[in-house]
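Listed below, chain by chain, are the residues.
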Amino acid sequence: MKHIFTGSAIISCLLGWSSTGQAHFGAIIPSDDIISQEDSKKLQIEIKFIHPLEMHYMDMTKPKQFGIFKGGKKTDLLPTLTEAKGKSPDQDKNFTLWKTEYQIKRPGDYTFYVEPTPYWEPAEDSFIVHYTKVCVNALGLEEGWDEPVGLETEIIPLSRPYGLWTNNIFTGQVLFKGKPVAGTEVEIEYLNESPGNPAIVKAPSDPYFTQVVKTDANGVFSYAMPRAGWWGFAALNEADWKLKKDGVEKGVEIGAVYWVHTADMK
Amino acid sequence: MRKHLVTLCLLSHFLLLCTTDLALAHKVSIFAYVEGTTVFTESYFPDGKVVESGLIEVFDKNNTKLVEGKTDNKGLFHFPLPKKEDLTIVINASMGHKNSFLLKASEM
């Protein structure tokens with residue numbers, strides 16, 4: 001009996017250990033980040049909660065907010081979301097994600113944003129809320145990508161967030177309630193399930209899974225992306241509010257997440 | 001004479017470089033859509049600056065010019081839908097900045 005307990009404790013420890021090697025990322029992945037005249041104007045969009053490099057999914061309940069920010073205006077798209085299922089090849093059950101289609105009608109920058117429902121993470125004894133954004137450019141008008149949406153925390157791109165080559169540096173500024181956050185950690189991961197990824201990237205040891213950079217005094221960070229595909233940037237902070245889990249107040253990790261796509265120079 | 005030729009050559013090379021660079025940095029775009037029986041066009045540069053007094057030409061499938069006009073100070077130009085078939089709408093801004101938009105019959 002004692003052995004069983006020890007065994008299960010060891011397994012829990014191992015699980016706990018491995019989960020620290022994986023960073024959680026809210027994700028909005030569109031079927032394209034640049035819409036040219038000859039492209040389909042209908043975007044397929046997936047909203048999910050994942051470990052991008054390991055391709056692991058977590059269950060995501062319906063987000064609180066989902067919409068587009070364009071020309072200084074928000075458009076609610078929450079009612080367009082439909083539930084879907086997904087998993088990595090090594091996960092043995094399906095997890096919930098959300099999908100939608102969006103018809104691009106006019107030129108300009110379309111910033112998609114999501115505020116998820118708080119996710120309870122027992123391994124961290126904390127809730128997680130990742131305010132996530134991605135920008136899609138349409139028809140040659142490059143206007144609006146650098147404007148804040150006005151989320152509780154968010155990354156403002158200082159590099160134009162589309163048309164990026166592999167090895168380009170992506171620079172962004174982390175805002176919390178509209179103000180820059182100095183000295184905060186930004187976690188970065190490659191989306192292994194990026195369309196066109198020729199081979200699954202394997203991390204030789206734990207620190208390779210998630211790259212970490214810190215913001216400077218102005219809340220600015222930079223990172224050079226060494227592979228073609230989608231890259232997620234998650235700036236993490238502790239919320240100044242709490243949520244209850246089984247009647248007990250728990251902390252909330254709030255993340256400002258931004259996704260960009262890179263392409264190889266050919 | 002030779003010196004002049006070299007100078008001229010360098011100058012023209014420099015001008016060529018300048019214009020190429022401008023053309024790339026200031027790529028012009030045109031967008032068109034139909035509302036009712038009117039075709040609306042918008043011509044702009046990537047940063048949102050509009051193309052003023054740009055020449056607009058509209059061609060049908062056989063490359064016959066159907067409409068010609070100039071954009072206003074908001075980069076706009078509209079015209080009655082001349083035909084229900086694929087139309088190529090060309091914007092010709094100054095300094096050889098040119099682009100076109102294929103307005104499909106399915107969008108009319």
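Predicted model, so just to flag it, every value in this text is computed and none were measured.

Rules of the game
Residues numbered from 1 in each chain as written. Chains lettered and ligands numbered in written order. Predicted model: local features only at pLDDT ≥ 70, side-chain atom pairs only at ≥ 80, totals over all residues. Heavy atoms only, no water. Helix = DSSP H or I, 4+ residues; strand = E, 2+ residues; numbered from the N terminus. Buried < 20%, exposed > 50% of the residue type's maximum accessible area, 1.4 Å probe, protein only. Core = buried A, V, L, I, M, F, W, Y, C linked by side-chain atoms within 4.5 Å. Contact = heavy atoms within 4.5 Å. Pairing = 2+ DSSP bridges. Axes fitted to C-alpha atoms, helices over the stretch in contact; angles between N-to-C directions. 1 Å grid on protein atoms, 1.4 Å probe; cavity = no way out; pocket = protein on both sides within 12 Å on 5 of 7 lines; lining within 4 Å. Points joined across faces, edges and corners; volume = space filled by probe spheres on them. Buried area = accessible area lost by both parts, 1.4 Å probe. Salt bridge = Lys/Arg side-chain N within 4 Å of Asp/Glu carboxyl O. Polar contact = N/O pair within 3.5 Å; in protein donor to acceptor, adjacent residues only side chain to side chain. Nonpolar A, V, L, I, M, F, W, Y, C, P; charged D, E, K, R; others polar. pLDDT = per-residue confidence, 0-100.

A separate point is the overall build of chain B. Check the secondary structure of chain B and you find 1 helix and 7 strands. The linear arrangement of helices and strands in chain B, starting from the amino end, is α-β-β-β-β-β-β-β. Out of the 108 residues in chain B, the part that is buried amounts to 33%.

Attention now goes to the nonpolar core. Ranked by size, the top nonpolar core spans 60 residues in total, and within it Ile-47, Phe-66, Phe-112 and Trp-259 of chain A together with Val-39 and Ile-89 of chain B carry the most contacts. The dominant element in this core, judged by the number of residues it contributes, is strand E3 (residues 42-51) of chain A, at 5 residues. With near-sequence residues (within four places) excluded, Ile-89 of chain B lies in contact with Ile-30, Ala-32, Val-39, Thr-41, Ile-56, Glu-57, Val-58, Phe-79, Asn-99, Ser-100, Phe-101 and Leu-103 of chain B.

By definition, the strands of a sheet pair up through backbone hydrogen bonds, in either a parallel or an antiparallel sense. Residues and elements named next belong to chain B. The 3 strands lie next to each other as E1-E2-E5, forming an open sheet whose pairing is antiparallel. At either end of the open sheet lies a strand with only one pairing partner, and these are strand E1 (29-35) and strand E5 (76-80). Pairwise comparison of adjacent strand axes, ignoring direction, gives a mean angle of 20° for this sheet. Taken together, the 5 bridges between strand E2 (residues 38-44) and E5 define a ladder with antiparallel strand orientation. Residue pairing across strands places Thr-41 opposite Phe-77, the latter belonging to E5.

The next point concerns the layout of surface pockets. Taken as a whole, the largest pocket encloses approximately 730 Å³ of empty space. Around the largest pocket, the lining is made up of 35 residues, and of these Asp-33, Ile-34, Ser-36, Tyr-162 and Gly-163 of chain A lie nearest the centre. For the lining of the largest pocket, the secondary structure elements donating two or more residues are strand E2 (34-35), strand E13 (164-165) and strand E21 (248-263) of chain A together with E1 and strand E7 (98-103) of chain B. As a volume, the second largest pocket reaches approximately 410 Å³. Considering the residues around the second largest pocket, the lining is formed by 18 residues, among which Lys-41 and Ile-104 of chain A together with Phe-31, Phe-101 and Glu-107 of chain B are closest to the centre. Of all the secondary structure elements, the ones that give two or more residues to the lining of the second largest pocket are E1 and E7 of chain B.

On the chain B side, the residues contacting the 9 residues of chain A number 13 residues. For the pairing of chain A and chain B, the buried interface totals around 850 Å² over both sides, and the portion due to carbon and sulfur atoms is 47%. The tally of links from chain A across to chain B stands at 1 salt bridge. Close ionic contact of Glu-42 of chain B with Arg-106 of chain A constitutes a salt bridge, the shortest N to O distance being 2.4 Å. Where chain A touches chain B, the interface holds 5 residue pairs in polar contact (both at pLDDT 80 or more). For the side of chain A that touches chain B, the class distribution of residues is 3 nonpolar, 2 polar and 4 charged.

Further remarks concern the sheet that holds E7 of chain B. Residues and elements named next belong to chain B. Taken together, the 4 strands give an open sheet; going across it, the order is E4-E3-E6-E7, and neighbouring strands pair in antiparallel fashion. Each having just a single partner strand, strand E4 (65-70) and E7 make up the two edges of the open sheet. Averaged over all adjacent pairs, the angle separating strand axes in this sheet is 15°, with direction ignored. Pairing of strand E3 (residues 55-59) with strand E6 (residues 87-92) involves 5 bridges; the strand directions are antiparallel. If you follow Leu-55 over to E6, its bridge partner there is Asn-92.

All names here are of chain B. Extensive coverage of E3 is indicated by the burial of 4 of its 5 residues. Sheet topology note: the E3/E4 ladder contains 5 bridges and is antiparallel. Counted as the bridge partner of Phe-59 is Lys-65 from E4. In sequence, E3 turns back onto E4 through a hairpin of 5 residues, with Asn-63 there showing a positive phi of about 65°.

What follows deals with the side chain of Asn-237 of chain A. Residues and elements named next belong to chain A. Inspection of the secondary structure assignment puts Asn-237 in strand E19 (residues 229-238). According to the relative accessible area criterion, Asn-237 is buried, its value standing at 18%. A polar contact is formed between the side chain of Asn-237 and the side chain of Thr-184, at a distance of 3.1 Å. In this view, Asn-237 contacts Val-174, Val-181, Thr-184, Val-252, Glu-253 and Ile-254; residues no more than four positions away in its chain are not counted.

Residue and element names in this part refer to chain A. As for its placement among the helices and strands, His-56 is situated in strand E4 (residues 56-58). With a relative accessible area of 16%, His-56 lands in the buried category. A sequence separation of 32 residues divides His-56 from His-24, and the C-alpha atoms of the two residues are 9.5 Å apart. Excluding residues that lie within four positions of it along the chain, His-56 makes contacts with Gln-22, Phe-49, Ile-50, His-51, Ser-88, Asp-90 and Gln-91.

Let us now look at the confidence of the model for chain B. Residues and elements named next belong to chain B. For chain B, the average pLDDT comes to 83, and 76% of its residues sit at 70 or higher. Low pLDDT (under 50) marks residues 14-23, which in the prediction has 4 contacts with non-local residues, meaning those over four places away or in another chain. Two numbers describe this predicted complex: its pTM, 0.85, and its ipTM, 0.73.

The next point concerns the pattern of salt bridges. Residues and elements named next belong to chain A. Applying the stated rule across the entire model yields 13 salt bridges over all chains. Asp-59 serves as the salt-bridge partner of Lys-93, at 3.5 Å between the closest nitrogen and oxygen. Of this pair, Lys-93 sits in the loop between strand E7 (82-86) and strand E8 (95-103) while Asp-59 sits in the loop between E4 and strand E5 (65-70); the two residues are 34 residues apart in sequence, bridging distant segments of the chain. Of the charged contacts in the structure, one is a salt bridge between Lys-177 and Asp-240, with a shortest N-O distance of 2.6 Å. Of this pair, Lys-177 sits in the loop between strand E14 (169-176) and strand E15 (179-180) while Asp-240 sits in the loop between E19 and strand E20 (243-245), and the two are 63 residues apart along the sequence.

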